[in-house]
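# Structural features, examined
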Protein chains: 2
Amino acid sequence: MRPLFLITNDDGYGAKGIQTLIRVARELGDIVVVAPERNASALSHSLTSSRPLRVHTISEIEDCKVYLCDGTPVDCVKLGAENFCPRRPDLVLSGINHGSNSSINVLYSATMGAALEAAVSGLPAIGFSLLDFSPDADFEPSVPFVRDIIKKSLEKELPGKYALNVNIPVPTDGKIKGVRVCRQSQARWVESYERRVDPHGRPYYWLTGNFECDDIAEDTDQWALQNGYVSIVPTTTDFTAMNLIEKIKKDYE
Amino acid sequence: MRPLFLITNDDGYGAKGIQTLIRVARELGDIVVVAPERNASALSHSLTSSRPLRVHTISEIEDCKVYLCDGTPVDCVKLGAENFCPRRPDLVLSGINHGSNSSINVLYSATMGAALEAAVSGLPAIGFSLLDFSPDADFEPSVPFVRDIIKKSLEKELPGKYALNVNIPVPTDGKIKGVRVCRQSQARWVESYERRVDPHGRPYYWLTGNFECDDIAEDTDQWALQNGYVSIVPTTTDFTAMNLIEKIKKDYE
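Residues numbered from 1 in each chain as written. Chains lettered and ligands numbered in written order. Predicted model: local features only at pLDDT ≥ 70, side-chain atom pairs only at ≥ 80, totals over all residues. Heavy atoms only, no water.

### Here's the deal with the sheet that holds strand E7 (residues 162-168) of chain B
Residues and elements named next belong to chain B. Spelled out, the test is: DSSP calls a pair of strands paired once it identifies at least 2 bridges connecting them. The helix and strand labels rest on DSSP assignments: H or I over at least four residues marks a helix, E over at least two residues marks a strand, and numbering proceeds from the N terminus. The angle between two axes is taken between their N-to-C directions and runs from 0 to 180 degrees, where each axis is a line fitted to C-alpha atoms and a helix contributes only its stretch in contact. Any pair of residues with heavy atoms lying within 4.5 Å of one another is described as a contacting pair.
Here we have nine strands laid out as an open sheet, ordered E3-E4-E2-E1-E5-E6-E7-E11-E8, and mixed in their pairing. Looking along the sheet, the strands with just one partner apiece sit at the ends: strand E3 (55-61) and strand E8 (178-181). Sheet twist, expressed as the average angle between the axes of neighbouring strands with direction ignored, equals 25°. Bridge analysis of E3 against strand E4 (residues 64-69) gives five bridges, and the strand direction is antiparallel. Within the sheet, the bridge partner assigned to His56 lies in E4 and is Leu68. Sheet strands in contact with helix H1 (residues 16-28) are strand E1 (4-8), strand E2 (30-36), E3, strand E5 (91-98) and strand E6 (125-130), and its direction is about 145° off that of E5. Contacts between helix H3 (residues 110-120) and the sheet are confined to E1, E5, E6, E7 and strand E11 (229-236), with E6 contributing the most and set at about 170° to the helix.

If you want it as structure tokens, here you go:
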């Protein structure tokens, strides 16, 4: 039996990135697409429980139904795996995101929110992101890497409970050097809010920020990306800081 | 100088839980409150960047400004620390949430989203949650534990980069036995979506779910809570599954 992929993203079904992912996945197996009908970026692991979800179906891909949902990417995975997949998916694929989800961006990312939601359910999952925000980003150089990582995930049996955070660089010379498995760089966004005043005299605040990262050791995702490699960070849904347990026990119990 | 606390939550400023937290914190230091004006539960680490934020100020607490924001709890922490705190806060406090954020709930929780956002910025932070969803939950039995944990976090210098996930049980006999430092239980929500049809013949889907947890060893938060203890899980913003790095290197590089 061909493998079954459940596919979602956070830029919405209209984005170029998910169209590329669908094309690659269809070569390798059967697909079910359950995607947000609109852009749902930066929603992280948000979930909709206070209102019902609406879904409409389009059939623009041959032999494949596409479900467009008015919820978040996490909702798409939950609803898709439960209600719209004919069998348990072999792999959940999210992306390809327009823009980086490396380093600390994984916290805000709904591309990775969807992948981690699959992991919670024991489904192996991969979130793909390209380091180019533009709507018409060129995904073609990514295609061989995306294909290869999906194939290896099936062959090598990527464990459920974990999700791969895959980021793809856009080297200035156009040549991606290979793949590096890494840890997440420690970094932060240093924000400043630009205060403006509306025509009625009331203030409003625009988020602006700079990504600051000093943690670029050779085992990090930032190093890999800056040096022209695709970065793969295996990620977990266990947030426990095990290294702190003993100190905190001593201080608080 | 008295310590400065930045306070937020995800149930909105009108909730009983944040009022309790404000009362306890005011005994121990100066406070700045930046809270969502409405309920913002289950928004996880969501962030607002595609529209500006609106803030309005109320002055209902003596010597203290309260800022109500139309964004997410993560926005409240970012904007609050950057624009509304007179100095760098000594501790960021989030909650007290109405409902559990133990175990896997930490992923969906915007109470913990706010605390983890502080951690990203190097600010020590605590998210408090009571295991009672009801709007008129009784927070009084929590008060001595909340006070004690805040005091210890100042005295023992809880490191920035980490956030404590504190959950408070509601034992049937009313007696909380003490405090346990734990790891996050492995668990999941097993969803089913209830399909209904609206008066116009179109389907919609309500999320329903059961919390399933087999991981109740004595070092877990679920064990602590089921046995009448307050659970404290130190949490990290590094999602790397370090235990998988070698396997994934072998399989993918």
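The discussion continues.
### A word on the pattern of salt bridges
Quick reminder of the rule: Any carboxyl oxygen of Asp or Glu within 4 Å of a side-chain nitrogen of Lys or Arg constitutes a salt bridge here. Burial classes: relative accessible area under 20% of the type maximum marks a residue as buried, over 50% as exposed, and values in between as partly exposed (1.4 Å probe, protein chains only).
Considering all chains together, one arrives at 30 salt bridges over all chains under this definition. Notably, a salt bridge pairs Arg196 of chain A with Glu194 of chain A, separated by 2.9 Å at the nearest N-O pair. We classify Arg196 of chain A as partly exposed; its relative accessible area is 39%. A salt bridge links Asp198 of chain B to Arg202 of chain B; its shortest N-O distance comes to 3.4 Å. Arg202 of chain B gets classed as partly exposed once you look at its relative accessible area, which sits at 47%. Salt bridges sharing partners connect three or more residues here, namely Arg2, Asp30 and Arg87 of chain A.

### Details of the relation of the copies chain A and chain B
Spelled out, the test is: For the least-squares superposition of copies, only C-alpha atoms count, and only for residues with pLDDT at least 70 in both.
When chain A is fitted onto chain B, the two copies agree to an RMSD of 0.0 Å after a turn of 180° and an axial shift of 0.0 Å. Here the symmetry operator amounts to a two-fold rotation axis. Most of the interface of chain A is mirrored in chain B, where 100% of its interface residues are also at the interface.

### Focus: the packing of aromatic side chains
Each aromatic ring pair is summarised here by two numbers: the centre-to-centre distance and the angle between the ring planes. Note the threshold: Two aromatic rings from Phe, Tyr or Trp, using only the six-membered ring of Trp, form a pair when their centres are within 6.5 Å; if the ring planes differ by under 30 degrees the pair is stacked, by over 60 it is edge-to-face, and anything between is tilted.
Evaluation of the coordinates by the stated rule reveals nine aromatic pairs over all chains. Between the aromatic rings of Tyr67 of chain B and Phe84 of chain B, the centroid separation amounts to 4.1 Å while the plane-to-plane angle is 10°, which identifies the pairing as stacked. One end of the pair, Tyr67 of chain B, is in strand E4; the other, Phe84 of chain B, is in helix H2 (residues 73-84), and 17 residues separate them in sequence. For the pair formed by Tyr67 of chain B and Phe84 of chain B, the shared burial category is buried. Through successive ring pairs, a cluster of aromatic residues spans Tyr67 and Phe84 of chain A together with Tyr205 of chain B.

### Quick word on the nonpolar core
How we decide: What makes a nonpolar core is a set of buried Ala, Val, Leu, Ile, Met, Phe, Trp, Tyr and Cys residues whose side-chain atoms join them at distances within 4.5 Å.
Of all hydrophobic cores here, the largest spans 72 residues; its most connected members are Val32, Leu79 and Phe84 of chain A together with Val32, Leu79 and Phe84 of chain B. Residues contacting Leu79 of chain B, with those up to four places away along its chain left out, are Tyr193 and Tyr205 of chain A together with Leu53, Val55, Cys69 and Phe84 of chain B.

### Some thoughts on the interface of chain A and chain B
Which entries qualify depends on this criterion: Accessible-area loss on putting two parts together, using a 1.4 Å probe and summing over both, is the definition of buried area adopted here. The definition of a polar contact used here is a pair of N or O atoms within 3.5 Å, where within protein one atom must be able to donate a hydrogen and the other to accept one, and adjacent residues in sequence count solely through side-chain atom pairs. Polar here means any residue outside two lists: the nonpolar Ala, Val, Leu, Ile, Met, Phe, Trp, Tyr, Cys and Pro, and the charged Asp, Glu, Lys and Arg; Gly therefore counts as polar.
Contacts between the two partners involve 79 residues from chain A and, on the opposite side, 79 residues from chain B. Roughly 7200 Å² of surface becomes buried between chain A and chain B when both sides are summed, with 61% attributable to carbon and sulfur atoms. Linking chain A with chain B are two salt bridges. Counting across the chain A and chain B interface gives 34 residue pairs in polar contact (both at pLDDT 80 or more). With seven residues, helix H2 (residues 73-84) of chain A is the largest single contributor of residues to the side of chain A that touches chain B. Of the residues assigned to the side of chain A that touches chain B, the class counts are 41 nonpolar, 17 polar and 21 charged.

### Here we look at the side chain of Asn167 of chain A
All names here are of chain A. Looking at where Asn167 falls in the secondary structure, it is placed in strand E7 (residues 162-168). Among the polar contacts made by the side chain of Asn167, one reaches the main-chain amide nitrogen of Ser102 at a distance of 3.3 Å. Among residues more than four places away in sequence, those in contact with Asn167 are Ser100, Asn101, Ser102, Ser129, Leu131, Leu225, Val230 and Ser231.

### Structural notes on the environment of Gly127 of chain B
Residue and element names in this part refer to chain B. Locating Gly127 in the fold gives a position in strand E6. For Gly127, a relative accessible area of 0% puts it in the buried group. Distance from Gly127 to Gly95, taken between C-alpha atoms, is 5.9 Å for residues 32 residues apart in sequence. Those residues within four positions of Gly127 in sequence are excluded, and the remaining contacts are Ser94, Thr111, Met112, Ala115, Leu164, Asn165 and Val166.

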